[in-house]
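Coordinate inspection notes
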Amino acid sequence: MDDFEKELKVGFLEEASQLLADTEQCFLALEADPRDIPTLDRIFRLAHNLKGSSKAVGFEDIGVFTHRFESFLLKLKNGEIPASGPIISLLLQCNDHIRMMVDTLKQNLDARIDSGELMARMDEMSVPAAPPPAPPVTEPVIDSSAGFEGEAPPTAEEIELLKLVNDSFDLPPAPAADPLNDQAEEERPFIPEPAPAPVVELRPVPSKSMAAPAASATTAASDESIRVSLSRLEKLINSVGELVILQTVLREQSLANGSDRLRKTIHQMGKVTKEVQDISMSLRMVPLRQTFQKMQRIVRDTSNMLNKRVMLATSGDDTELDKTVLEKIGDPLVHLIRNACDHGIETPEVRTGNGKSDTGTVSLGAYHQSGKLVIEVRDDGGGIDRDKLKAKAIERGILPADAKLEPHEAIQLIFHPGFSTKAQVTEVSGRGVGMDVVKTNIEALQGEVLVETELGKGTTFKVLLPLTLAIIDGMVVQNDGCRFVVPLSHVHETLRPGEKDLHQTTGIGEVLLLRGENLPLYRLNSLLGLKRLEKETVREQIAMVIRYTGQPFAVMVDDILGQQQVVIKEVGTEIQNLKWMSGSAILGDGKPAIILEMNELVKPSRRGVAV
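First, a word on what this report is: a plain description of the structure on this page. Since we're looking at a predicted model, the values are computed, not measured.

Another point: the nonpolar core. If you look at the biggest cluster of nonpolar residues, it comprises 42 residues, and the most contacted ones within it are Leu 288, Ile 329, Val 362, Ile 375 and Leu 465. At five residues, helix α12 (residues 330-344) tops the list of elements feeding residues into this core. Leu 288 has contacts with Asp 317, Thr 319, Leu 321, Leu 326, Ile 329, Ala 366, Leu 373 and Ile 375, leaving out every residue within four places of it along the chain. Phe 59, Ile 62, Ala 83 and Ile 87 belong to the second-largest nonpolar core, a separate cluster that totals 39 residues.

Structure, rendered in structure tokens:
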């Protein structure tokens, strides 16, 4: 296989992946409205494109299967078979099979795939049910003197009306006598049939553009796009990150001993660097639309398996997210959607008994908030019973019998490894690993999962994610001679409190009184296990108020050195499990600093750790 043929095959597989995502959505839309002719036409066109393109690049197995698939769709399009539930299920299975073929060929371009079983099923379901036998037809005996039953024979005038009606139809006149018709067959003039049109085989041409010159104005004005490999994009992002670091180093040096002209030039260079950084980061941002569309299939299959009626409503699917983050939230979203269908939405009988519609609704939405991306999975089901969770945890030995939990602590039990309220393991749930996977994967992305629930009303899961994992705006703080970086989006405000603003509260400890609000107060020295000063005077320290997620709190540091953009660098494998350390960064003087995850740092299990 030469490079040109390989390039054609790889290009087809990339295009096919998008086509298959479109066809799946069309099948789901067809199930909602079987008489949707435009959707049927679009499905047929997509299948035809897959068949033609696969054969053109030499993927014979895909070509044979999609040819049979196209014939099956043609029967559906012509109304020979109905768009029933079993037919739609078979169409989705065929779509999954083609996707499997594409994924297999991506790994091995010479792979062969057997599709005999599905093709046999299509043949089996292509045969329409036999119609009932028609009653025997006998030749009627017409009596011209009798009318219809109970009626008198038509009069002469009525017959003359009937003649006028018959004349009103546009019927061809009876052919007149033609003497040529009496000629023998061999004497008639011979008129040859037209020759069939020649079949032209189209082959792909290795050119950048084969567009016709008379393209419409709309097409010419549309934004063009090119396909770029992810490896090249990653190299660009890394290079821009290094550029940001060098620009920061230059700025620090110019402030120390540079001329005014040099400082102005470096300042202007910083603006250009920021613009290049924003453009390069936007190249890796992709919309959530395709990920949200996949959830339609999850809801359909899960609700059918559970004999429930569930519909999915989406919003904000045009919201963009870093591709690196997007690739890692697929599994958590699947678990949340399946959990909403299984544990959240009640059966139709229970819903109608509670005065609800027999069809439940799972809402999936996305929006930006405080520099974070929020993905919500909400259901209008029965809500989470905290007492039931506690009882189940005691039954399974997770909690002691006399345990006392706050409402938010009881909700967190659903994320405990191995915890499930199901008595028996089913295909959907019961193993106690789903929600644990959600929490673990989201926290690995420096994100957080919040739960809001109300009995009889429903439950909302909020997933908060960083917009990108590469470059962030950070606040550089200093404590006991060490420098640290705190993500700027986590810091709500900073202040230098007075002695009258600090109090000791039983059960909480040190508290900062801020405009009538009591905030738990922590000292960074104590949180990190650094050398504790014998006397920490308030005048020498600054409080950072963190209102990122959950309960707000304040952290005291020795000093705030400034704000700057930092490039997140991965830490070594020996400290990757420290969740309060989200990475490291290179500061303006070329020295490293740890990036702190404050919400993790103030958790009781994390306090007092040594750096």
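Before going further, it helps to spend a moment on the sheet that holds strand β10 (residues 491-495). Judged by pairing direction, the sheet is mixed, and its six strands sit side by side in the order β10-β14-β15-β13-β12-β11 without closing on themselves. Edge strands, defined here as strands with exactly one partner in the open sheet, are β10 and β11 (502-505). Ignoring which end each strand starts from, the neighbouring axes of this sheet average 35° apart. Judged from the four bridges that link them, β10 and strand β14 (residues 542-546) form a sheet pairing that is antiparallel. Across the sheet, residue Thr 494 finds its bridge partner in β14, namely Met 544.

Another point: the sheet that holds strand β17 (residues 581-586). Pairing in this open sheet of five strands is mixed, and the strands run β16-β8-β9-β18-β17 from one edge to the other. The open sheet has two free edges, formed respectively by β16 (559-567) and β17, since each of these has just one partner strand. Across the sheet, the mean angle from the axis of one strand to that of its neighbour is 35°, orientation sign disregarded. Examined bridge by bridge, β17 and strand β18 (residues 592-596) share five bridges and lie antiparallel to one another.

Turning to the packing of helix α2 (residues 37-57) against helix α3 (residues 60-77), a few remarks are in order. The N-to-C vectors of α2 and α3 enclose an angle of 160°; their axes lie 9 Å apart at closest approach. As the angle between them shows, α2 and α3 are arranged roughly antiparallel. Here α2 and α3 pass one another in a crossing that is left-handed. The residues of α3 that touch α2, namely those facing Leu 40, Asp 41, Ile 43, Phe 44, Ala 47, His 48, Leu 50, Lys 51, Ser 54 and Lys 55, are Ile 62, Gly 63, Val 64, Thr 66, His 67, Glu 70, Leu 73, Leu 74, Leu 76 and Lys 77. Within the contact of α2 with α3, the residues separate by chemical class into ten nonpolar, five polar and five charged.

Attention now goes to the environment of Ile 245. Within the fold, Ile 245 resides in helix α8 (residues 230-257). Judged by its relative accessible area of 10%, Ile 245 is buried. Linking Ile 245 and Ala 585, residues 340 residues apart in sequence, is a C-alpha distance of 9.1 Å. The contact partners of Ile 245, leaving out residues within four places of it in the chain, are Val 567, Lys 569 and Ile 586.

So, about empty space enclosed by the protein. Sizing a probe to match a water molecule and rolling it over the atoms shows the empty space that remains. A complete count under the given rule lists one cavity of 30 Å³ or more for this structure. In this structure, the largest cavity encloses a volume near 30 Å³. Around the largest cavity, the lining residues are Ile 329, Pro 332, Leu 333, Leu 336, Ile 375, Ile 442, Val 463 and Leu 465. Taken together, the elements giving at least two residues each to the lining of the largest cavity come down to α12 and β7 (458-466). A total of three residues in the lining of the largest cavity trace back to one element, the largest contributor, which is α12. Here the residues of the lining of the largest cavity sort into eight nonpolar, no polar and no charged.

The next thing to look at is a nonpolar patch on the surface. On the surface, a cluster of nonpolar side chains totalling about 260 Å² of accessible area is made up of Leu 236, Ile 279 and Leu 283. Within the secondary structure, Leu 283 sits in the loop between α9 (260-282) and β1 (285-287). Residue Leu 283 is classed as partly exposed on the basis of its relative accessible area, which comes to 48%.

The backbone phi angle of Asn 307 is positive, close to 55°, even though this residue is not glycine. Mapped onto the elements, Asn 307 comes out in the loop between α10 (289-305) and β2 (310-315). Residue classification places Asn 307 among the exposed residues on the basis of a relative accessible area of 65%. You will see that Arg 515, though not glycine, has its phi angle at about 50°, which is positive. Mapped onto the elements of the fold, Arg 515 is located in the loop between β12 (509-514) and β13 (517-523). You can call Arg 515 exposed: its relative accessible area is 65%.

Cut-offs and rules
Residues numbered from 1 in each chain as written. Predicted model: local features only at pLDDT ≥ 70, side-chain atom pairs only at ≥ 80, totals over all residues. Heavy atoms only, no water. Core = buried A, V, L, I, M, F, W, Y, C linked by side-chain atoms within 4.5 Å. Buried < 20%, exposed > 50% of the residue type's maximum accessible area, 1.4 Å probe, protein only. Helix = DSSP H or I, 4+ residues; strand = E, 2+ residues; numbered from the N terminus. Contact = heavy atoms within 4.5 Å. Pairing = 2+ DSSP bridges. Axes fitted to C-alpha atoms, helices over the stretch in contact; angles between N-to-C directions. Parallel < 35°, antiparallel > 145°, perpendicular 65-115°, else oblique. Left-handed = near helix turned anticlockwise from the far one by under 90°. Nonpolar A, V, L, I, M, F, W, Y, C, P; charged D, E, K, R; others polar. 1 Å grid on protein atoms, 1.4 Å probe; cavity = no way out; pocket = protein on both sides within 12 Å on 5 of 7 lines; lining within 4 Å. Points joined across faces, edges and corners; volume = space filled by probe spheres on them. Patch = residues over 30% accessible without salt bridge, like charges linked within 9 Å, V, L, I, M, F, W, Y side chains within 5 Å. Areas by Shrake-Rupley, 256 points an atom, 1.4 Å probe, with all protein chains shown as cover. Salt bridge = Lys/Arg side-chain N within 4 Å of Asp/Glu carboxyl O.

Keep in mind these values describe shape, not function.
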